[in-house]
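As a plain string of letters, each chain reads:
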Amino acid sequence: APPCRVQRAAQAFARTARDERRRGSDPELRRDRERVRFARGGSSARICAAWLRCRRRGSEFKAKAAVAPESLLSCCEVGSSPLNVAVLVSGGVDSSMALAMLKDAGHHLKAFYLQIWFEEDFANYWSQCPWEEDLEYARSVCKDHDVPLEVVPLTKQYWEKVVSRSIEEIKSGFTPNPDMLCNSEIKFGAFLSYLEDEHAGVFDRVASGHYAKIQRGHEQTGQPSSLLYLSGDRVKDQTYFLARLTPDQLASCLFPLGELTKAQVRTISKQKQLASQSRKDSQGICFLGKVDFRSFVEKHLGSSEGLLVEQETMDVLGKHQGYWFYTIGQRQGIRLSHGPWYVTGKDVDANIVFISKEYHSDRYNRNTFLCSSFNWIGGLLPEAVGGDLMCKVRHGPTCYSCTFTWWEQRSEQGQGARRGEAEEDIARVVIDGHDQGFAPGQYVVFYEGQSGLCLGSGIITGCPPGDKQ
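Residues numbered from 1 in each chain as written. Predicted model: local features only at pLDDT ≥ 70, side-chain atom pairs only at ≥ 80, totals over all residues. Heavy atoms only, no water.

**Remarks on the overall build of the protein chain**
Helix and strand content of the protein chain: 13 helices and 17 strands. Excluding contacts between residues fewer than 6 apart, the proportion of contacts in the protein chain whose partners are at least 24 apart in sequence is 70%. Total accessible area on the protein chain is roughly 22700 Å²; 47% of this is exposed by carbon and sulfur atoms. (Helix = DSSP H or I, 4+ residues; strand = E, 2+ residues; numbered from the N terminus. Contact = heavy atoms within 4.5 Å. Areas by Shrake-Rupley, 256 points an atom, 1.4 Å probe, with all protein chains shown as cover.)

**Considering the sheet that holds strand β9 (residues 316-320)**
The strand order β9-β8-β11-β10 describes an open sheet built from four strands, whose pairing is mixed. On the outer flanks of this sheet lie β9 and β10 (342-347), each paired with one strand and no other. Going across the sheet, the axis of each strand differs from the next one's by a mean of 30°, ignoring polarity. Where strand β8 (residues 306-310) lies against strand β11 (residues 352-356), four bridges are found, and the strand directions are parallel. Within β11, the position partnered with Val 309 by the bridge is Phe 354. (Pairing = 2+ DSSP bridges. Axes fitted to C-alpha atoms, helices over the stretch in contact; angles between N-to-C directions.)

**Digging into the nonpolar core**
Of all hydrophobic cores here, the largest spans 54 residues; its most connected members are Phe 188 and Phe 191. Of all the elements, helix α8 (residues 178-198) adds the most residues to this core, at nine residues. Apart from the residues lying within four places of it in its own chain, the contact partners of Phe 188 are Leu 88, Asn 183, Val 206, Ser 208, His 210, Leu 242, Leu 245, Gln 249, Cys 253 and Phe 255. With 30 residues, the next largest nonpolar core counts Leu 83, Val 87, Val 89 and Tyr 211 among its residues. (Core = buried A, V, L, I, M, F, W, Y, C linked by side-chain atoms within 4.5 Å. Buried < 20%, exposed > 50% of the residue type's maximum accessible area, 1.4 Å probe, protein only.)

**Some points on the sheet that holds strand β4 (residues 205-207)**
With parallel pairing, the five strands of this open sheet are ordered in space as β3-β2-β1-β4-β7. Strand pairing shows two members of the sheet lacking a second neighbour, β3 (149-153) and β7 (253-254), which therefore form its edges. In this sheet, β7 lies alongside β4 in parallel orientation, the contact comprising two bridges. Note on β7: the bridge partner recorded for Val 206 is Cys 253. The sheet contacts of α8 involve β1 (84-88), β2 (108-115), β3, β4 and β7, and relative to β2 the element is tilted by about 115°.

**What to know about the packing of aromatic side chains**
Counted by the stated rule, this structure contains 16 aromatic pairs. Geometrically, the ring pair formed by Tyr 323 and Trp 324 is edge-to-face, given 4.9 Å between the ring centres and 70° between the ring planes. On the basis of relative accessible area, Tyr 323 is assigned to the buried category, the value being 7%. The interplanar angle of 50° and the centroid separation of 4.7 Å between the aromatic rings of Phe 369 and Phe 438 together place this pair among those described as tilted. Here Phe 438 lies in the loop between β15 (426-431) and β16 (443-448) and Phe 369 lies in strand β12 (residues 368-376), a separation of 69 residues in the sequence. Considered together, Phe 369 and Phe 438 belong to a single accessibility category, that of buried residues. Site record: aromatic cluster; members linked through ring pairs are Phe 374, Trp 376, Phe 404, Trp 406 and Phe 446. Above the face of the Phe 325 ring, Arg 294 is positioned so that its terminal group lies 4.0 Å from the ring centre. The aromatic ring of Tyr 359 is capped on one face by Arg 366, whose charged end is 5.6 Å from the ring centroid. (Phe/Tyr/Trp six-rings, centres within 6.5 Å; stacked < 30°, edge-to-face > 60°. Lys NZ or Arg CZ within 6 Å of the ring centre and 35° of its normal.)

**Structural notes on the pairing of β8**
Across the five residues that make up β8, a large majority, four, are buried. Direction of pairing for β8 relative to β9: antiparallel, over a ladder of four bridges. Across the sheet, residue Gly 306 finds its bridge partner in β9, namely His 320. Where β8 folds back onto β9 in an antiparallel hairpin, the turn is made up of five residues, including Met 314, whose phi is positive at roughly 65°.

**Re the packing of helix α7 (residues 155-171) against helix α12 (residues 293-301)**
Between α7 and α12, the least distance of the axes is 11 Å, while the angle of their chain directions is 85°. Taken together, α7 and α12 sit at an angle that is classed as roughly perpendicular. Residues Trp 159, Val 163, Ile 167, Ile 170 and Lys 171 of α7 form the contact with α12, whose own contacting residues are Phe 293, Phe 296, Val 297, His 300 and Leu 301. Considering only residue class, the contact of α7 with α12 consists of eight nonpolar, one polar and one charged. (Parallel < 35°, antiparallel > 145°, perpendicular 65-115°, else oblique. Nonpolar A, V, L, I, M, F, W, Y, C, P; charged D, E, K, R; others polar.)

**Remarks on the environment of Gln 115**
Within the fold, Gln 115 resides in strand β2. The class of Gln 115 is partly exposed, set by a relative accessible area of 21%. Placed 40 residues apart in sequence, Gln 115 and Thr 155 show a C-alpha to C-alpha distance of 6.9 Å.

**Here we look at the side chain of Arg 205**
Mapped onto the fold, Arg 205 is located in strand β4. With a relative accessible area of 18%, Arg 205 lands in the buried category. Polar side-chain contacts of Arg 205 include one of 3.0 Å to the side chain of Glu 77. Look past the residues within four positions of Arg 205 in its chain and what remains in contact with it is Glu 77, Leu 83, Asn 84, Val 85, Ala 86, Arg 216, Ala 251, Ser 252, Cys 253 and Leu 254. (Polar contact = N/O pair within 3.5 Å; in protein donor to acceptor, adjacent residues only side chain to side chain.)

**Some thoughts on the pattern of salt bridges**
Close approach of charged atoms lets side chains of opposite charge pair. Tallying each qualifying case throughout the model produces 14 salt bridges. Between Glu 169 and Arg 165 there is a salt bridge whose closest N-O contact spans 3.4 Å. Residue Glu 169 and its partner Arg 165 are both found in helix α7; the two are separated by four residues, about one turn of the helix. Taking the relative accessible area as the measure of exposure, Glu 169 reaches 17% and is therefore buried. When its relative accessible area of 34% is taken as the criterion, Arg 165 is described as partly exposed. A network of salt bridges, in which partner residues are shared, links Glu 77, Arg 205 and Arg 216. (Salt bridge = Lys/Arg side-chain N within 4 Å of Asp/Glu carboxyl O.)

Rendered as structure tokens:
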């Protein structure tokens, strides 16, 4: 083949790769890109064939990112327009897109930025407060859409309800989830209380950029007035983080992005020329970003030398600086040779961390756990769902088919009471598969598989007696 043909194919591939970066990341397209790089060492026919696959994948990804106009506002309650909506903005593309969509739906909006920062000096980790840049983006988006913006300082509430509680749980040997607490205690907790105090009776809904769907019902049916469902993007879906909301909190929520995927949000935000269209997704702890978690924990709990003990032989293999730096299933930070080593358990009183190289063998149970402290928001208890019950044990697309049985019920079945409503009630859950590990303090969220209805959540307490984690 003429050299010019190879050159044209390479140029076309470069354009395709550049377009991919602009649209977002597509795993299939990345694989084809690697094929093209490999094919450059071979014939031009191989280069062109791989390039054509790239182009086809790029077209498919672009089509996937497209969204029909009639479905764009399907989660914006257009039929109830105009509503008075308090919109939580963070300066990111998701909350900016939510605001823009609600504006298009004809609602009356006021934006709120929740200003949260440490109550102590962490200047050694950040050169500047991370919320300053976020607030500037939020102001730009609000200005472009002629929406007033109010800054609400909630540092004290965040410290008391999220940070301090998380530190206490870590100290007790549990694995907390600050993002879970952030939603129930701050965004739809302390902020709702602020609205009641400062803007009583003004707002019908509180909107955010969460990937989740709400279905409004009727109280006469005996079901909650609002039900939470999985979103249109199963990877970005955030119902896991919302499953600790109360029915009253959920009734006040509005999630405009419920039917959209992240790729669609990126595409539409560029079409709308939102100021935050190219901002990266936030990472790390809710509101605080990429905190050095180990340094953060050490600042509050210090360090205390303890033993690393092999689970099978009970041999002492090394030392660690505190059990609070480890969680079940953890691999990093053990710093022993001849691994890989995994954390299998902790003795909080003796400051011992148990480890094993056989964590993924059949001798360890990674499909059964106990849970309690339930919060039911879906109108159904798990036993009513039967074989269609699913659960998540962490945020992400992985959802297990599972069985749910009551292990120990301590609540009295008095007037209006039902199982799982008392904090002491305990259930046993068996998943269809093997997970990387169930850590006490970790949340489990239950779903009706076919519909994607979120039933509620519980807190994992450990494995049944006699089972090895």
